[in-house]
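Reading the structure
Letter by letter, the chains look like this.
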Amino acid sequence: MPTALITGATAGLGAAFARRLASDGFDLVLLARDTARLERSAAELRDRYGVDVEPLTADLSTDAGLEAAEERLRKGVDLLVNNAGFGQQGVYLNVPVADEVRMLRVHCEAVLRLTSAALPGMLERRKGGIINVASVAAFFSRGTYGASKAWVVSFSQAVMRDLGGRGVHVMALCPGFVRTEFHERAGMDVSGIPGLLWLDQNLVIDAGLRDLRRGVGVSVPGLQYKAIVGVGNLIPRGVADRLSSRAGRRFD
Ligand SMILES: NC(=O)c1ccc[n+]([C@@H]2O[C@H](COP(=O)([O-])OP(=O)(O)OC[C@H]3O[C@@H](n4cnc5c(N)ncnc54)[C@H](OP(=O)(O)O)[C@@H]3O)[C@@H](O)[C@H]2O)c1
């Protein structure tokens, strides 16, 4: 059985990845901070899909958490989904710098270190995949969140280019708005977001796994977001940033 390690696997997109991969026959390593919730999720997935599920309690904003994840990845996995992440309420100047640094650790340092720990085994077997969950925010200037996700996209593209044709695929997945615990945890009011902009969790997972199989480098699920990112690339960066910043502030 192939094995997948998913970070942030107890809620939202990570939990949806876990259900889909278990139903596809993957054994799983589920990583998050809340041990009781991890154990509940693991038991549900074992019962429902008959696969092996290992809970791994780790806080990816700490050295101990990063080391625990690296140690497990060095034992070998077939698929790594770097999904754990969070948002902040408010604009840059209002967010304590310690929270911004924590975000960079979870969104960037963890993605870097976990990718580095998983790749050698994958390259040896000439087989494997890494999905780095970024966001459409990567394509617009949206504070530290957007900057960290832009790093995820650029890093994934660079690693993929370096690997070139060695049987391992690295992809950035860039969803738009998805109903998960993300906005409530960050204290964001998203009541004004138009229905058209909400993506179904399963659509995001389907698109992500399909694009990984097809060798796509940057996956943007949903036609509406393909159009937004496409138009964003056509208009001057300053105009796109002003529009995105104005829209974004309504949801802070
Ligand atoms: N929802 C959206 O609209 C949206 C849009 C674009 C991109 N994304 C991206 O999608 C990814 C998943 O977000 P989501 O919407 O599914 O969020 P979510 O529902 O809030 O789930 C976040 C998951 O990450 C875990 N987590 C948070 N901080 C962690 C840490 N320091 N160490 C380890 N695990 C941690 C949480 O579990 P514990 O609290 O137990 O650790 C939970 O399992 C994120 O990278 C996010 O930036 C989301």
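Everything numeric in this text was worked out from a predicted model, so none of it was measured.

About the thresholds
- Residues numbered from 1 in each chain as written.
- Predicted model: local features only at pLDDT ≥ 70, side-chain atom pairs only at ≥ 80, totals over all residues.
- Heavy atoms only, no water.
- Helix = DSSP H or I, 4+ residues; strand = E, 2+ residues; numbered from the N terminus.
- Polar contact = N/O pair within 3.5 Å; in protein donor to acceptor, adjacent residues only side chain to side chain.
- Contact = heavy atoms within 4.5 Å.
- 1 Å grid on protein atoms, 1.4 Å probe; cavity = no way out; pocket = protein on both sides within 12 Å on 5 of 7 lines; lining within 4 Å.
- Points joined across faces, edges and corners; volume = space filled by probe spheres on them.
- Near = heavy atom within 4 Å.
- Areas by Shrake-Rupley, 256 points an atom, 1.4 Å probe, with all protein chains shown as cover.
- Nonpolar A, V, L, I, M, F, W, Y, C, P; charged D, E, K, R; others polar.
- Pairing = 2+ DSSP bridges.
- Axes fitted to C-alpha atoms, helices over the stretch in contact; angles between N-to-C directions.
- Parallel < 35°, antiparallel > 145°, perpendicular 65-115°, else oblique.
- Left-handed = near helix turned anticlockwise from the far one by under 90°.
- Right-handed = clockwise from strand over helix to strand, strands pointing away.
- Patch = residues over 30% accessible without salt bridge, like charges linked within 9 Å, V, L, I, M, F, W, Y side chains within 5 Å.
- Salt bridge = Lys/Arg side-chain N within 4 Å of Asp/Glu carboxyl O.
- Lys, Arg positive; Asp, Glu negative; His and termini not counted.
- Charge placed at Lys NZ, Arg CZ, Asp CG, Glu CD.

Below, the discussion takes up the side chain of H107. Here H107 shows up in helix α4 (residues 97–125). Within polar-contact distance, the side chain of H107 engages the backbone nitrogen of F86 at 3.1 Å. When residues no more than four places from it in sequence are discounted, the contact partners of H107 are A84, G85, F86, Y145, S148, K149, W151 and V152.

Quantified by volume, the second largest pocket comes out at close to 320 Å³. Forming the walls of the second largest pocket are 15 residues, and the residues nearest its centre are F26, L79, G128, G129 and L212. Among the secondary structure elements, those contributing two or more residues to the lining of the second largest pocket are β5 (128–133), β6 (168–173) and α7 (201–214).

Lining the immediate environment of the ligand, one finds 32 residues, of which T10, L13, R33, Y145 and T180 sit closest. Note that an oxygen atom of the ligand is positioned 2.7 Å from one of the side-chain N or O atoms of T10. E181 places a polar main-chain atom, nitrogen or oxygen, 3.0 Å from an oxygen atom of the ligand. Within the complex, 97% of the 890 Å² of free accessible area of the ligand lies under protein. Counting only elements with at least two residues in the shell around the ligand, the list comes to α1 (12–23), β2 (27–32), α5 (143–163), β7 (177–178) and α6 (182–186). Ranked by residues supplied to the shell around the ligand, first place goes to α6 with 3 residues. Class assignment for the residues of the shell around the ligand results in 16 nonpolar, 10 polar and 6 charged.

Our next topic: the sheet that holds strand β1 (residues 3–7). Where strands meet in a sheet, backbone hydrogen bonds hold them as pairs that are either parallel or antiparallel. With respect to topology, 7 strands assemble into an open sheet ordered β3-β2-β1-β4-β5-β6-β9, the strand pairing being parallel. Of all the strands in the sheet, the pair left with one neighbour each is β3 (53–57) and β9 (218–219). With 4 bridges joining them, strand β4 (residues 79–82) and β5 adopt parallel strand pairing. Paired with L80 across the bridge in β5 is I130. Of the strands in this sheet, β1, β2, β4, β5 and β6 touch α1, which is tilted by about 170° from β1. Sheet contacts for α7: β4, β5, β6 and β9; angle to β6, the most-contacted strand, approximately 145°.

Here we take up the packing of α4 against α5. Taken N-terminus to C-terminus, the directions of α4 and α5 make an angle of 15°; their axes are 9 Å apart at the nearest point. On the basis of the axis angle, α4 is roughly parallel to α5. Where α4 crosses over α5, the handedness of that crossing is right-handed. Along the contact surface, α4 presents E100, M103, L104, H107, C108, V111, L112, T115, L119 and L123, while α5 presents T144, Y145, S148, K149, W151, V152, F155, V159 and L163. Of the residues that constitute the contact of α4 with α5, the class distribution is 13 nonpolar, 4 polar and 2 charged.

This next bit is on the pairing of β3. Pairing of β2 with β3, which is carried by 5 bridges, proceeds in the parallel orientation. Of the residues in β3, the one forming a bridge with V29 is E54. Between β2 and its parallel partner β3, the chain crosses via helix α2 (residues 35–49), and the hand of that crossover is right-handed.

On the surface, a cluster of positive charge is made up of R210, R213, R214 and K226. With 3 residues, α7 is the largest single contributor of residues to the positive patch. Considering the arrangement of structural elements, one finds R210 in helix α7.

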